[in-house]
Amino acid sequence: MNRVLFLPEVRQYVKDLVPLLYRTEYFSYLEKSQQYVRELIDDIITNLPRKRHKPAPAYFDRYGKNMQYAGFRKTNRQHGTSFFTTYRVNNKTVYLVRYISNNHVIAQHL
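As the structure is a prediction and not an experimental result, all values here were calculated from the model.

1. Remarks on the overall build of the protein chain
- Looking only at helices and strands, one finds three helices and five strands in the protein chain.
- If you list the helices and strands of the protein chain from N to C, you get β-α-α-β-β-β-β-α.
- Considering the protein chain as a whole, with its 110 residues, one finds that 39% of them fall into the buried category.
- Relative to all contacts within the protein chain whose residues are 6 or more apart in sequence, the contacts with residues 24 or more apart total 47%.
- Working note: accessible area of the protein chain is about 7,200 Å², and carbon and sulfur atoms make up 49% of it.

This is the structure in structure tokens:
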């Protein structure tokens, strides 16, 4: 059994993302912003263990050492990326998500 956990900073980022997407008119309705963020988090929780992981570039060491990352396509023009560390605890794999961003913000670093 796998487990996906999020650092408190990531949880706060996700909370702040909903109104930001609405304020910047990425979505016309607050409900659509909420749905987008909810689906992204659900996708990470459900599919991170099955995604192909790549080593995170050194630029992202500010969020944790020896991280990996995986992408999550949300729309034709945007996808989220989660950066995480993997641990083994009691024969279970734990994915600790340390940072989430999108292709518009981090593309130059990948």
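2. So, helix H2 (residues 30–47)
- Counted at 1.5 Å a residue, the expected span for H2 with its 18 residues is 26 Å, and the 26 Å between its end C-alpha atoms agrees.
- Looking only at H2, the buried set comprises Ser-33, Tyr-36, Val-37, Leu-40, Ile-41, Asp-43 and Ile-44. Taken down its axis, H2 places every buried residue within 155° of arc, on the same side.
- Of the surrounding secondary structure, the elements contacted by the buried residues of H2 are strand E1 (2–6), helix H1 (8–23), strand E3 (68–73), strand E4 (79–89) and strand E5 (92–102).

3. Concerning unusual backbone geometry
- For Glu-25, which is not a glycine, the phi torsion comes out positive at approximately 60°.
- On the secondary structure map, Glu-25 appears in the loop between H1 and H2.
- You will see that Asn-91, though not glycine, has its phi angle at about 60°, which is positive.
- With respect to the helices and strands, the residue Asn-91 is situated in the loop between E4 and E5.

4. Some words on H1
- Compared with an ideal rise of 1.5 Å per residue, which puts 16 residues at 22 Å, H1 spans 23 Å between its outermost C-alpha atoms and is within 8% of the ideal.
- Most pronounced at Leu-17, the bend in H1 amounts to some 30°, and the proline Pro-19 follows within four residues.
- The set of residues buried in H1 consists of Val-10, Val-14, Leu-17, Val-18 and Leu-21.
- On its buried face, H1 is in contact with E1, H2 and E5.

5. Structural notes on the sheet that holds E4
- Read across the sheet, five strands follow the order E1-E5-E4-E3-E2 without closing on themselves; strand pairing throughout is mixed. Of all strands in the sheet, those with a lone pairing partner are E1 and strand E2 (54–55), marking the two edges.
- The sheet contact formed by E3 and E4 spans six bridges and is antiparallel. When the sheet's bridge partners are listed, Phe-72 is paired in E4 with Gly-80.
- Along the sheet, H1 makes contact with E1 and E5, crossing E5 at roughly 45°.

About the criteria used
Residues numbered from 1 in each chain as written. Predicted model: local features only at pLDDT ≥ 70, side-chain atom pairs only at ≥ 80, totals over all residues. Heavy atoms only, no water. Helix = DSSP H or I, 4+ residues; strand = E, 2+ residues; numbered from the N terminus. Buried < 20%, exposed > 50% of the residue type's maximum accessible area, 1.4 Å probe, protein only. Contact = heavy atoms within 4.5 Å. Areas by Shrake-Rupley, 256 points an atom, 1.4 Å probe, with all protein chains shown as cover. Expected span 1.5 Å × (residues − 1). Arc of directions from axis to C-beta. Bend = angle between axes of the 7 residues up to and from the residue. Pairing = 2+ DSSP bridges. Axes fitted to C-alpha atoms, helices over the stretch in contact; angles between N-to-C directions.

Distances and angles like these do not, on their own, reveal function.
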